Amino acid sequence: MFGLPTDIQHSNDAELKQILHDAIMFQNGIVASLMAKSGVRGLMNYGVSIPDLQRIARQYGTNHSLARRLCPLHIREAKILASLLFDENQLDNSDYESIFDSILNVDLAENLARNIICKINNIDFYNRLINSDKWRVVAAIHAIGWAAARQYPHSVNLTNWFIKNVEKIINQNYTETIRPLISTICSIGNVQADNTIEMSVSQLANSGNEVGQKVYNQLKIINKI
């Protein structure tokens, strides 16, 4: 069983130490090893399940100050807990930067998209995501889908942005974006500009773009095109 990093053990931040202690009580070395083998590497990972992290976060409620102290830590569970504790109405540029820097792999891309990024109504932030690496592109796509599925007030704004940028996203040809693209296109449903998405995907598929072809074929199978 792994404990907290030495610098956190010696910290005077009792609240930070407590929530991380709560998390590592649920650590699972087997899960952490499996995640590492699947590509989730580069930071400390205790293998704590998402349901366990969600239960811990509920005990703290919305706690923006604590989220700000958790998010920069190089610990998977700290970043996911931060995304569950953030108050989207209090986010500032330093918070955007911390969230952006935390999207390091597919696990964090998916969880941060679901927990906090989908609540962000900031087109500049989404533009920055899709002009970065593949995991940040994946996070942006997932976030649009979650915002639409939850019918957030700003989801129309995000959906319109996605429609305008779907061709650019597909043209990056990241195979990791195929699944989130299909999911998000399905989530936005019968939006007014659905034909724009269909035309973009179809044109890219016909041009030989690998991601475009796979997205088009899958959408065709499920009768979305």
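Just above, that's the structure.
Residues numbered from 1 in each chain as written. Predicted model: local features only at pLDDT ≥ 70, side-chain atom pairs only at ≥ 80, totals over all residues. Heavy atoms only, no water.

## Quick notes on the overall build of the protein
From N to C terminus, the protein includes 14 helices and zero strands. Since a compact globule built from 225 residues should have a radius of gyration of about 17 Å, the 19 Å found for the protein is in line with a globular shape. Each principal axis of the C-alpha distribution contributes one length, and for the protein these read about 60 × 35 × 25 Å. A burial count over the protein gives 49% of its 225 residues as buried. A separation of at least 24 residues holds for 70% of the contacts in the protein among residues at least 6 apart in sequence. Carbon and sulfur atoms provide 48% of the accessible area of the protein, an area that totals close to 10,800 Å². Separation between the mean location of the 21 positive side-chain charges and that of the 21 negative ones in the protein comes to 5 Å. (Helix = DSSP H or I, 4+ residues; strand = E, 2+ residues; numbered from the N terminus. Rg over C-alpha atoms; globule rule 2.2 N^0.38 Å. Buried < 20%, exposed > 50% of the residue type's maximum accessible area, 1.4 Å probe, protein only. Contact = heavy atoms within 4.5 Å. Areas by Shrake-Rupley, 256 points an atom, 1.4 Å probe, with all protein chains shown as cover. Lys, Arg positive; Asp, Glu negative; His and termini not counted. Charge placed at Lys NZ, Arg CZ, Asp CG, Glu CD.)

## Side note on the pattern of salt bridges
Overall, the coordinates contain twelve salt bridges when judged by the stated rule. Arg-69 is paired through a salt bridge with Glu-15; the nearest N and O atoms lie 3.0 Å apart. Placement of the pair is Arg-69 in helix α5 (residues 64-70) and Glu-15 in helix α2 (residues 14-24), with a sequence separation of 54 residues. Each of Asp-13, Glu-15 and Arg-69 takes part in salt bridges that share partners, so that together they form one network. (Salt bridge = Lys/Arg side-chain N within 4 Å of Asp/Glu carboxyl O.)

## Examining the side chain of Asn-115
By the secondary structure assignment, Asn-115 is in helix α8 (residues 106-115). Its relative accessible area of 8% is what places Asn-115 among the buried residues. With sequence-adjacent residues up to four places away left out, Asn-115 is seen in contact with Ile-80, Ser-83 and Leu-84.

## Section: the nonpolar core
Grouped together as the largest cluster of nonpolar side chains are 72 residues, with contacts concentrated most on Leu-70, Ile-99, Ile-117 and Phe-162. The biggest single contributor to this core is helix α10 (residues 134-149), with ten residues. Excluding residues within four positions of it along the chain, Phe-162 makes contact with Ile-141, Ile-144, Ile-169, Leu-181, Thr-184, Ile-185, Ile-188 and Ile-197. (Core = buried A, V, L, I, M, F, W, Y, C linked by side-chain atoms within 4.5 Å.)

## Section: the packing of aromatic side chains
Enumeration according to the criterion identifies three aromatic pairs in this entry. Relative to Tyr-126, the ring of Phe-125 has its centre 6.4 Å away and its plane inclined at 85 degrees; by these criteria the two rings are edge-to-face. No difference in accessibility class separates Phe-125 from Tyr-126, as the two residues are buried. Where Tyr-126 meets Trp-161, the ring centres are 5.6 Å apart and the plane angle is 55 degrees; that geometry is what we call tilted. On the criterion of sequence distance, the pair formed by Tyr-126 in helix α9 (residues 123-130) and Trp-161 in helix α11 (residues 155-171) is long-range, its members being 35 residues apart. Accessibility assignment for this pair places Tyr-126 and Trp-161 in one class, buried. An aromatic cluster of three or more residues is present, and its members are Tyr-96, Phe-125, Tyr-126 and Trp-161. Directly above the aromatic system of Phe-100 lies the positively charged group of Arg-128, at a separation of 3.8 Å from the ring centroid. Here the basic side chain of Arg-136 rests over the ring of Phe-100, its NZ or CZ set 4.1 Å away from the ring centre. (Phe/Tyr/Trp six-rings, centres within 6.5 Å; stacked < 30°, edge-to-face > 60°. Lys NZ or Arg CZ within 6 Å of the ring centre and 35° of its normal.)

## Focus: the environment of Ser-65
Position of Ser-65 relative to the elements: it lies in helix α5. Taking C-alpha positions, Ser-65 is 9.5 Å from Ala-82, a pair spaced 17 residues apart along the chain. Only 2.8 Å separates the side chain of Ser-65 from the side chain of Arg-69, close enough to count as a polar contact. (Polar contact = N/O pair within 3.5 Å; in protein donor to acceptor, adjacent residues only side chain to side chain.)

## A word on helix α12 (residues 178-188)
Along an α-helix, residues three or four positions apart point the same way, because every turn accommodates 3.6 residues. Along α12, the positions that sit buried rather than exposed are Ile-178, Pro-180, Leu-181, Ile-182, Thr-184, Ile-185 and Ile-188. One or two steps after α12, the chain reaches Gly-189, where phi turns positive at roughly 65 degrees.

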